[in-house]
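Single-letter residue listing:
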Amino acid sequence: MIKFFLMVNKQGQTRLSRYYEHVDIHKRTMLEAEVIKNCLSRSKDQCSFIEYMDFKLVYRQYAALFVVVGINETENEMAVYELIHNFVEVLDKYFSRVSELDIMFNLDRVHIILDEMVLNGCIVETNRNRILAPLFVLDKVAES
């Protein structure tokens, strides 16, 4: 099961965070700081899976952004690694070459995409067209 989903830039600023288990705000900030420090300090030659506290971290870097997912020990790391890539591909398709600014200024759209893919910590959809269908409907309604 997925515990949390983060998008962070190289400066350590969180651009997106979604938690699938309740965590106090104070603990969230401390957890995010430690997780970010662990992921940013690793070289590109090192594995993208880290055992951390009572869960595992799966992360992937895209240009200046890191996508970090916290999972429990029963979740398949490679499946989550591919989920991260699929998520970025969906963002890329929707925003046509997604950037950090797209994420910052369209955070609601990014959350909709993530919510279409992950429900209550479980991966429910990977088909790009089905993930983007609600957003295209919203865009049509906004135009009219």
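Draft legend 1. Expanded view of the pairing of strand E1 (residues 2-9). With respect to burial, E1 is a largely interior element, eight of its eight residues being buried. In this structure, the hairpin formed by E1 and strand E2 (residues 14-19) is closed by a connection of four residues, where glycine 12 is found at a positive phi of approximately 90°.

Draft legend 2. Seen up close, the sheet that holds E2. Strand order across the open sheet formed by five strands is E2-E1-E5-E4-E3, with antiparallel pairing between neighbours. Strands at the two margins of the open sheet, each flanked by one partner only, are E2 and strand E3 (49-52). Averaged over all adjacent pairs, the angle separating strand axes in this sheet is 20°, with direction ignored. Alignment of E1 against E2, held across five bridges, turns out to be antiparallel.

Draft legend 3. Expanded view of the pattern of salt bridges. This model, assessed by the stated rule, comprises eight salt bridges. Where glutamate 21 meets lysine 3, a salt bridge forms, and the shortest distance between an N and an O atom there is 3.8 Å. Taken together, the positions of glutamate 21 in the loop between E2 and helix H1 (25-40) and lysine 3 in strand E1 put the pair 18 residues apart, joining distant regions of the chain. Relative accessible area serves as the criterion here: at 34%, glutamate 21 is assigned to the partly exposed category.

Draft legend 4. Seen up close, the pairing of strand E5 (residues 65-71). Counted residue by residue, E5 has seven buried out of seven residues, so it is predominantly covered. Residues of E5 alternate between two faces, with Leu65, Val67, Val69 and Ile71 on one and Phe66, Val68 and Gly70 on the opposite face, all of them buried. Bridge count for E1 against E5 is seven bridges, and the pairing is antiparallel. Directly across from phenylalanine 5, in E5, lies its bridge partner valine 69. In this structure, strand E4 (residues 55-62) lies alongside E5, joined through seven bridges in antiparallel fashion. Bridge assignment links glutamine 61 to a residue of E5, and that residue is phenylalanine 66. The turn linking E4 back onto E5 is made up of two residues, and alanine 63 within it adopts a positive phi angle of 50°.

Draft legend 5. Expanded view of unusual backbone geometry. Even without a glycine there, the phi angle at methionine 53 is positive, about 50°. One can find methionine 53 in the loop between E3 and E4. For methionine 53, a relative accessible area of 65% corresponds to the exposed category. Of note, the phi angle at serine 96 is positive, near 45°, even though the residue is not glycine. Structurally, serine 96 is set in the loop between helix H2 (77-95) and helix H3 (100-105). For serine 96, a relative accessible area of 57% translates into the label exposed.

Draft legend 6. Main features of the packing of aromatic side chains. For the coordinates displayed, the defined rule picks out eight aromatic pairs. Arranged with centres 6.3 Å apart and planes meeting at 40°, the rings of tyrosine 59 and phenylalanine 66 form a pair that is tilted. Given the relative accessible area of 7%, phenylalanine 66 is considered buried. Here tyrosine 94 and phenylalanine 95 contribute two aromatic rings whose centre-to-centre distance is 4.9 Å and whose plane-to-plane angle is 80°, an arrangement assigned as edge-to-face. For tyrosine 94, a relative accessible area of 16% corresponds to the buried category. In textbook terms, an aromatic cluster arises when at least three aromatic residues are bridged by ring pairs, as seen for Phe4, Tyr19, Tyr52 and Phe55.

Definitions and limits used
Residues numbered from 1 in each chain as written. Predicted model: local features only at pLDDT ≥ 70, side-chain atom pairs only at ≥ 80, totals over all residues. Heavy atoms only, no water. Buried < 20%, exposed > 50% of the residue type's maximum accessible area, 1.4 Å probe, protein only. Helix = DSSP H or I, 4+ residues; strand = E, 2+ residues; numbered from the N terminus. Pairing = 2+ DSSP bridges. Axes fitted to C-alpha atoms, helices over the stretch in contact; angles between N-to-C directions. Salt bridge = Lys/Arg side-chain N within 4 Å of Asp/Glu carboxyl O. Phe/Tyr/Trp six-rings, centres within 6.5 Å; stacked < 30°, edge-to-face > 60°.

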